[in-house]
Amino acid sequence: MTEATRTFADARAWARTGTELMLDAVAGLDEAAFSAPSLLPDWTRKHLVAHVAANADALVNLVHWAATGEETPMYASAGERAAGIAKGPALPADELRSWLTASAQRLAAGLDGLTDEQWQHEVVTAQGRTVPATELPWMRAREVCVHAVDLGTGAVTFARLPKGFLTALVAEISAKRGLTVHPGGPLPEVAAWLAGRPHSLADAPELGPWL
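Our subject in this report is the structure included herewith.

Thresholds applied
The residue numbers shown here count from 1 along each chain, following its written sequence. Since the coordinates come from a predicted model, pLDDT governs what is reported: local features require at least 70, and pairs of side-chain atoms require 80 or more to be given and counted, while whole-chain, interface and lining totals use all residues. Side-chain numbers here rest on the full set of heavy atoms in the structure, without hydrogens or water. To qualify as a helix, a DSSP run of H or I must reach at least 4 residues; to qualify as a strand, a run of E must reach at least 2; elements of each kind are numbered from the N terminus. We call a residue buried when its accessible area falls under 20% of the maximum for its residue type, exposed when it is over 50%, and partly exposed in between, using a 1.4 Å probe and counting protein chains only. For Phe, Tyr and Trp, where Trp contributes only its six-membered ring, two rings pair if their centres lie within 6.5 Å, and the inter-plane angle classes them as stacked under 30 degrees, edge-to-face over 60, or tilted in between. Counted as over-ring charges are cases with an Arg CZ or a Lys NZ within 6 Å of the ring centre that also lie within 35 degrees of the ring normal.

### Re the overall build of the chain
Assigned secondary structure in the chain consists of nine helices and two strands. Taken from the N to the C terminus, the helices and strands of the chain come in the order α-α-α-α-α-α-β-β-α-α-α. Once the C-alpha set of the chain is aligned to its principal axes, its extents read approximately 50 × 40 × 30 Å. Counting across all 211 residues of the chain, residues that qualify as buried make up 46%.

Here's what the structure looks like:
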């Protein structure tokens, strides 16, 4: 499966699966566990969860854009994304968990409400790419699936993510990194390596973090 053959239905399913994995992973975390380091450098789990929650809110803005035609950027300013992440450590665990849940529900409801015509409307991502709204579920799937692993609770690993998602992820990152040859190994480990996450591949060059 490549980016060209990844279907809209696939992406919607993976976004739902990733959201469930993320919510399940944080359901039992107490304050200390939430404040523990994630697998991402310099980020606690609170930073990471705040990022995922803020991402859902930002994608809701793009859903509004697609639904109404009113230009609504993901983030109002360059600093808004960083501010959302930074406020995570200051929030109590229960409040952070509620934000994650509520933002995911708002996004799901917004996506469910788009008509066939609205799905084809173009929006602009935070990176400046102009894409149809049909790209939004894939954007969300990447965030929730990969970051559910990044929580580092052990409950979610790349091996637990859907095979189709991993195949699509490998295709996308390979294209963006300009890589045509990968070290041999299981698909989850190749995906982890390409994403710049811990992996078990031998003699694989280190890559910087992606996403």
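That covers the picture; the talk isn't over yet.
### Topic: the packing of aromatic side chains
Enumeration over the complete set of coordinates arrives at four aromatic pairs. Their ring planes at 75° and their centres at 6.0 Å tell us that tryptophan 14 and phenylalanine 165 sit as a pair that is edge-to-face. Here tryptophan 14, found in helix 1 (residues 8-27), pairs with phenylalanine 165, found in helix 8 (residues 163-177); they are 151 residues apart in sequence, far enough to count as distant. For the pair tryptophan 14 and phenylalanine 165, one class covers both residues: buried. Pairwise contacts between aromatic rings join Trp14, Trp138 and Phe165 into one cluster. A cation over a ring is seen here: lysine 87 above tryptophan 99, with NZ or CZ 4.4 Å from the ring centre.

Note that all results are geometric; they support no functional claim without further evidence.
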